Amino acid sequence: MITPQIQVTNSSSPTYLIFNKPITTTSLHGSGGSSSIYPSFRVRTSRPISFRNRRRCNRYGLSGCNSSKTIKAVAMTEEENKKSIMKVKATIRVQPTVGGIFSEMAIERGLDDITDLFGKSLLLELVSSTLHQTTGLEKETISGYAHRTVQTAEEVKYEAEIVVPHGFGEIGGIFVENEHRREMFIKDIVLDGFETGPLRFSCDSWVHSKFDNPVKRLFFTNKSYLPSETPEGLKRLRGEELELLRGNGHGERKSFDRIYDYDVYNDLGDPDNDIELKRPVLGGKHNPYPRRCRTGRPRSKADPLSEERSSSIYVPRDESFSEVKQLTFSAKTVYSVLHAVVPAVQTAIVDRDLGFELFSHIDDLFHQGIGLPPSSKNKGVLSNMLPRLIKFINETQDDLLRFEPPAPMDSEYIYYGKNLGEEWPLKSKLDPNVYGPAESAITKELVEKEIRGFCTVEEAIEAKKLFVLDYHDLLLPVVEQVRELQGTTLYGSRALFFLTPESTLRPLAIELVRPPINGNPQWKQVYTPTWHSTGDWLWRLAKAHLLAHDSGYHQLVSHWLRTHCCTEPYIIATNRQLSAMHPIYRLLNPHFRYTMEINALAREALINADGIIETSFTPKKYSILLSSIAYDKHWRFDLQSLPNDLIHRGMAVKDDNAPHGLRLTIDDYPYANDGLILWDALNGWITDYVDRYYSDSDLVRSDEELQAWWHEIKNVGHGDKKDEPWWPLLNTKEDLVQILTTIVWIASGHHAAVNFGQYDYAGYFPNRPTIARKKMPTEEPTEKEWEEFMEKPEMELLKCFPSQIQATTVMAVLDILSSHSPEEEYLGETIEPSWEEDPIVKGAFEKFKGKLLELEGEIDKRNADRQKKNRNGAGMLPYQLLKPVSEPGVTGKGVPYSISI
């Protein structure tokens, strides 16, 4: 347990240390002997695993060391030093890399070993948080060199002895200069020798070599301060640290940089390789979009508006993935799937358009598998990376890609429906002069035919029993462009559902619409469930189209846009505007772990031109553009909170007498039922946390870092939406709690709900095909086309489904995306050191943890309730996506702190 080291008040009055035993010797770095075992340091882009209870809590940086040209400092006089000085022992824990010492470049290792031999591995400089009492100026730092003392498989220890004079005051920070030629990952630094106990600096951060960057790193203690409460000796350093992290907006970023800046999405295309891979810039007036992290790469030669592609994408150094000591499921494995498994599948299946000839061939993916081509280079590697997917027949034969059967292979999962409300009759808001008549072909007569015996349409609307899944206006504007592409087709679509007395949704009708194309008028048709064979096969085909649209919306909007993409500006603004010692930074930081790097990987191989999404989803090259259209038309920050989202979609109404203050329109709605408990738990924890540091709303309004943070999110990170009237104000504590809970919910609960069930619900791709490759047989068919459908309707459905390459590629990616890493950090499972050292915050966290345990039990209870037809039934998948904790692997449950995969 980490205990409080220094007890101080929030006032500006200085606090001084009381030392144990005065000494008169002046050893700077001790006499510890040398050893023949030396640590290894990382030169690639991963970060090592840090202990689960030593999570990355801080990131620091500072320009320059104390220079007489810019800083006035007062040193202790010799007489003062003689009166009383203290020897402080500093212990630095460094994480070794997975590859070990021999995996590094021999020349660099040898030079660093020499540095260790001379006992000058790390230069430490202690920073006082107080000013000189007489002059009011900053005190000089106290320095000493650290030398390596111990190395084990888990960590390397460096130690230093630093002489601290009487009157130096409370230590508020420590500079670190890495004397090696390679970066080091420092877990923490502990200063021992004080009467008040050890003083800990939780680092979990890469420290660059001074040969790469002469700027020393600065780490603050675990005590949090609002800007107005910053100790006088740290105020300048607090500001300079933020200036360093913001950068100057110029130059290409280096791998060791820690600079956070903004840019548009102009790096998804690859026009220098092929002009057909040119893609529009996302972000700006024409294609509104959130901003990403700036890399500063050169502009494309073929398209000056685009950024040049490269083999890797810059993210600030401490945002990179952790290493995993065993090859297993982690965010890093996504890269392996995209760069090893996908090419292997594409080699095994020569014809990219080849579909499945029989439904039994789809089942063979789970029973017999696909033989992968022999490769001496990759032999066995795939099986290590993907133990669930890659099976071996025996050691002498080729790799075999065989998929684990997902949980029930007959589930359909539709996420983003809404209550019909007063929207009747259904009508498009698009220009009828361009897209044809706005009225839907789903009429009152058709609906009442389907629900006869229950009620009329008017009664169903009044009772909030009609629900719609509506992608008509989103998709129709791009139908003509998509239909010009090979191997796909598209419609505007909508589906209507009726809420039964058992709280289940019964599908009533699916409408598919084609706008006027090539001189042909608008075409539309409604399909309904039927018992006649022809109508039944048409209903199945219509479902395939609708589910392909829903899969695309789920992946591009509900998942990528609303979680990954929209969160990146929050991360950038948090690092640019909130100091590492700011309590709100320390609250948010665990919820941003690895998000920027998984987003960079998505830009590299998932959402890029000719990437997984473009080759496997219905809109193809227009896929990511659709997410921009959705952002422009539908995204609002205030609607990202769960209660507001449910109300906006008509899935709930405010009711002070109902649990959580909301009455659901579908009583058995697992996402809402479980999500509202989690939302309330998060809201309660964040309320307690905010109360700890903001005694009243005046402190919120006067917090210049906090106000700059929110201003930058609205006006820069989401600048294309800056003039919208719905942005929340940040004037009160309640405003702050609502904003923070929304951000934390999106990064944790919402992402868990849309991500970790993907393989269970869509692993059997006929449940949720990602692409519909053929138009409906009833859309202006030739005589031959109609005859083929009538003779072999199952072949029309198989031809409509994804090709073998598309299906297997998406299944492999979904398996990885649905998987938890062994080092996953779940809500409430681990406590940040800065939270633990504050008794009030620690108590609030324990209460939050207790609420999450209650949620676990409630979810189990609900899944066992036979009256809940949407989560309990024969062959039905229990709803566990918001169950807070999970074991590693594909489990369909678990809510990590952050969007880490």
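Residues numbered from 1 in each chain as written. Predicted model: local features only at pLDDT ≥ 70, side-chain atom pairs only at ≥ 80, totals over all residues. Heavy atoms only, no water.

A. Region of the structure containing the overall build of the protein chain. Within the protein chain, the regular secondary structure consists of 27 helices and 24 strands. Sorting the 901 residues of the protein chain into buried and exposed places 60% on the buried side. For the protein chain, the exposed surface amounts to about 35800 Å²; the carbon and sulfur share of it is 51%. (Helix = DSSP H or I, 4+ residues; strand = E, 2+ residues; numbered from the N terminus. Buried < 20%, exposed > 50% of the residue type's maximum accessible area, 1.4 Å probe, protein only. Areas by Shrake-Rupley, 256 points an atom, 1.4 Å probe, with all protein chains shown as cover.)

B. Geometry of the sheet that holds strand β6 (residues 156-165). Ordered in space as β9-β8-β2-β6-β5-β3-β7-β10, the eight strands form an open sheet in which the pairing is antiparallel. Two strands bound the open sheet, and with one partner strand each, they are β9 (199-207) and β10 (217-220). This sheet shows a mean twist of 25 degrees between the axes of neighbouring strands, independent of strand direction. When strand β2 (residues 85-94) meets strand β8 (residues 184-192), the two strands line up antiparallel, connected through six bridges. Across the sheet, the residue bridging to A90 is L191, located in β8. (Pairing = 2+ DSSP bridges. Axes fitted to C-alpha atoms, helices over the stretch in contact; angles between N-to-C directions.)

C. Inspection of the environment of G661 at higher detail. One can find G661 in the loop between β21 (652-654) and β22 (662-664). Taking the C-alpha atoms as reference points, G661 and P643, separated by 18 residues in sequence, lie 9.0 Å from one another. Excluding residues that lie within four positions of it along the chain, G661 makes contacts with V653, K654, D655 and D656. (Contact = heavy atoms within 4.5 Å.)

D. Here's a closer look at the side chain of E125. Inspection of the secondary structure puts E125 in strand β3 (residues 122-128). What makes E125 buried here is its relative accessible area of 8%. Polar contacts involving the side chain of E125 include one to the side chain of T141, which spans 3.1 Å. Each residue touching E125, except ones within four places of it in the same chain, is listed here: T141, I142, S143, G173, I174, F175 and K216. (Polar contact = N/O pair within 3.5 Å; in protein donor to acceptor, adjacent residues only side chain to side chain.)

E. Representation of the pattern of salt bridges in the model. Enumeration over the complete set of coordinates arrives at 51 salt bridges. As a salt-bridge pair, E155 and K187 come within 3.2 Å of each other at their nearest N and O atoms. With E155 in the loop between β5 (142-151) and β6 and K187 in strand β8, this pair connects stretches of sequence that are 32 residues apart. An identical accessibility class is assigned to E155 and K187; each is buried. A salt bridge links R292 to E307, with the nearest nitrogen and oxygen atoms 3.3 Å apart. (Salt bridge = Lys/Arg side-chain N within 4 Å of Asp/Glu carboxyl O.)

F. Summary view of the pairing of strand β19 (residues 505-514). Burial within β19 is extensive, with seven of its 10 residues counted as buried. Sheet analysis places strand β18 (residues 492-499) next to β19, joined by eight bridges and oriented antiparallel. Each residue of the ladder has a partner; that of G492, found in β19, is V513. What sits between β18 and β19 in their antiparallel hairpin is a turn of five residues, with S503 showing a positive phi close to 70 degrees. Pairing of β19 with strand β20 (residues 523-527), which is carried by five bridges, proceeds in the antiparallel orientation. Considered in β20, the bridge of V513 is made with K524.

G. Spatial organisation of helix α27 (residues 839-863). Helix length check: α27, at 25 residues, gives a terminal C-alpha distance of 37 Å against a target of 36 Å (1.5 Å per residue), a fit within 8%. Taken residue by residue, α27 has V841, A844, F845, F848, L852, L855, E856, I859, R862 and N863 as its buried positions. Packing partners of the buried residues in α27 comprise α18 (670-693) and α26 (833-836). Of the residues that open α27, the one with a side-chain oxygen 3.0 Å from the backbone nitrogen of I840 is D838. (Expected span 1.5 Å × (residues − 1).)

H. View of unusual backbone geometry. In this chain, W424 is followed by P425 through a cis amide linkage whose omega measures 0 degrees. Mapping P425 onto the fold places it in the loop between β16 (418-419) and α7 (432-435). Even without a glycine there, the phi angle at Y594 is positive, about 70 degrees. Examined against the element boundaries, Y594 turns out to sit in the loop between α13 (583-588) and α14 (595-605). Under the relative-accessibility criterion, Y594 is labelled buried at 4%. Of note, the phi angle at D610 is positive, near 65 degrees, even though the residue is not glycine. Residue placement: D610 occurs in the loop between α14 and α15 (612-616). We classify D610 as exposed; its relative accessible area is 52%.

I. Representation of the packing of helix α12 (residues 533-577) against helix α23 (residues 783-791) in the model. Close contact between α12 and α23 brings their axes to 10 Å; oriented N to C, the two are set at 100 degrees. When the axes of α12 and α23 are compared, the pair comes out roughly perpendicular. Where α12 approaches α23, its residues T534, W537, L538 and L541 are matched on the opposing element by W786, F789 and M790. (Parallel < 35°, antiparallel > 145°, perpendicular 65-115°, else oblique.)

J. Examining the packing of α18 against α27 more closely. Relative to each other, α18 and α27 sit at 175 degrees, their axes nearing to 9 Å. Relative to α27, α18 is oriented roughly antiparallel. Facing α18, whose interface residues are N673, D674, I677, L678, A681, L682, W685, D688, Y689, R692 and Y693, α27 presents I840, V841, A844, F845, K847, F848, K851, L852, L855, E858, I859 and R862. For the contact of α18 with α27, the class distribution of residues is 15 nonpolar, one polar and seven charged. (Nonpolar A, V, L, I, M, F, W, Y, C, P; charged D, E, K, R; others polar.)

K. Expanded view of the packing of aromatic side chains. Enumeration over the complete set of coordinates arrives at 31 aromatic pairs. Measuring from ring centre to ring centre gives 5.7 Å for Y491 and W523, while their planes differ by 40 degrees; the resulting arrangement is tilted. Of the two residues, Y491 sits in the loop between α11 (479-483) and β18 while W523 sits in strand β20, which places them 32 residues apart along the sequence. Take W523: its relative accessible area is 10%, and that puts it in the buried class. Arranged with centres 6.0 Å apart and planes meeting at 40 degrees, the rings of W709 and W710 form a pair that is tilted. Judged by its relative accessible area of 0%, W709 falls in the buried class. Taken together, the ring pairs connect Y265, Y289, W560, Y570, Y631, W635, F637, W709, W710, W726 and W727 into an aromatic cluster. (Phe/Tyr/Trp six-rings, centres within 6.5 Å; stacked < 30°, edge-to-face > 60°.)

L. Just the nonpolar core, in detail. Grouped together as the largest cluster of nonpolar side chains are 163 residues, with contacts concentrated most on L646, W685 and W709. The biggest single contributor to this core is α12, with 19 residues. Here W709 is in contact with Y570, A573, T574, Q577, L578, L588, I739, L740 and I743, once residues within four sequence places are set aside. (Core = buried A, V, L, I, M, F, W, Y, C linked by side-chain atoms within 4.5 Å.)

M. Geometry of a negative patch on the surface. On the surface, a cluster of negative charge is contributed by E783, E787, E788 and E791. Residue position: E787 is located in helix α23. (Patch = residues over 30% accessible without salt bridge, like charges linked within 9 Å, V, L, I, M, F, W, Y side chains within 5 Å. Lys, Arg positive; Asp, Glu negative; His and termini not counted. Charge placed at Lys NZ, Arg CZ, Asp CG, Glu CD.)

N. Highlighting the sheet that holds β16. With respect to topology, five strands assemble into an open sheet ordered β16-β17-β18-β19-β20, the strand pairing being antiparallel. Edge strands, defined here as strands with exactly one partner in the open sheet, are β16 and β20. Running at roughly 80 degrees to β19, α12 makes contact with β17 (466-470), β18, β19 and β20 of the sheet.

O. Quick look at the confidence of the model for the protein chain. Averaged over every residue, the pLDDT of the protein chain is 85; residues scoring 70 or more account for 81%. Of the regions scoring below 50 in pLDDT, residues 99-107 engages in 13 contacts with residues more than four places distant in sequence or in other chains. (pLDDT = per-residue confidence, 0-100.)

P. Spatial organisation of helix α21 (residues 733-755). The end-to-end C-alpha distance of α21 is 32 Å, a good match for the 33 Å that 23 residues give at a rise of 1.5 Å each. W745 marks where α21 bends most, by close to 45 degrees. (Bend = angle between axes of the 7 residues up to and from the residue.)

Q. Seen up close, the pairing of β3. Summarising burial for β3: seven of the seven residues are buried, a large majority. Neither face of β3 is open: one carries L122, L124, L126 and S128, the other L123, E125 and V127, and all of them are buried. Strand direction decides the pairing type here: β3 and strand β7 (residues 171-178), joined by seven bridges, are antiparallel. Following the sheet pairing, L124 is matched in β7 by V176.

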